[in-house]
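Reading the structure
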Amino acid sequence: QVQLVESGGGLVQAGGSLRLSCAASGRTFSSYAMGWFRQAPGKEREFVAAISWSGGSTYYANSVKGRFTISRDNAKNTVYLQMNSLKPEDTAVYYCAADRRPYTMVLHTTTPNYDYWGQGTQVTVSS
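A brief report on the enclosed structure follows. (Residues numbered from 1 in each chain as written. Predicted model: local features only at pLDDT ≥ 70, side-chain atom pairs only at ≥ 80, totals over all residues. Heavy atoms only, no water.)

Moving on: the state of the cysteines. This structure, assessed with the given rule, holds 1 disulfide. Disulfide partner of C22: C96, at an S-S distance of 2.0 Å. Residues C22 and C96 are joined by a disulfide whose S-S torsion is about 50°; by sign, that bridge is right-handed. Note that C22 is positioned in strand β3 (residues 18-25) and C96 in strand β9 (residues 92-102), a separation of 74 residues in sequence. Using a relative accessible area of 0% as the deciding quantity, one classes C22 as buried. Taking relative accessible area as the criterion, C96 reaches 0% and is therefore assigned buried. (Disulfide = S-S within 2.5 Å. Helix = DSSP H or I, 4+ residues; strand = E, 2+ residues; numbered from the N terminus. Buried < 20%, exposed > 50% of the residue type's maximum accessible area, 1.4 Å probe, protein only.)

Moving on: the side chain of S21. Secondary-structure assignment places S21 in strand β3. Look past the residues within four positions of S21 in its chain and what remains in contact with it is V5, E6, S7, W36, T78, V79 and Y80. (Contact = heavy atoms within 4.5 Å.)

This next bit is on the pattern of salt bridges. Here the structure, examined in full by the defined rule, presents 5 salt bridges. Residue D115 pairs with R27 through a salt bridge whose shortest N-O separation is 3.2 Å. Note that D115 is positioned in strand β10 (residues 114-117) and R27 in the loop between β3 and β4 (32-39), a separation of 88 residues in sequence. A relative accessible area of 26% places D115 in the partly exposed class. The exposure class of R27 is partly exposed, given its relative accessible area of 23%. Note that D90 is salt-bridged to R67, the shortest N-O span being 2.7 Å. Of this pair, D90 sits in the loop between β8 (78-83) and β9 while R67 sits in the loop between β6 (58-60) and β7 (68-73), and the two are 23 residues apart along the sequence. A single burial state applies to D90 and to R67, both of which are buried. When salt bridges with common partners are traced through the structure, they connect R38, E46, R67 and D90 into a single cluster. (Salt bridge = Lys/Arg side-chain N within 4 Å of Asp/Glu carboxyl O.)

And the structure:
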């Protein structure tokens, strides 16, 4: 059984920064691409960023490009999301997820391509 545990969320003023972490266990972490998604109240879960199994490739939603950075440390079985220049519209519950296919060369942006999810961490950006 794979477990993903997010941490690092909180309340921050607009323009501030947060770093989210997602610790994985139960599967060979380094073999799978990872993604971050978010869900605001009343809205669908949306893609934020993804990183390849090796860490060599990343992909971002247009709304966060240039402000957020996804990274991973395979030795620590952890994926990170550094969020800078936060805006009130970034307020949401943030989830990390593991791609269902090992060693995929494609970075997926839709939820059906991910088979394990964390419980989420709340990020609130005040104006």
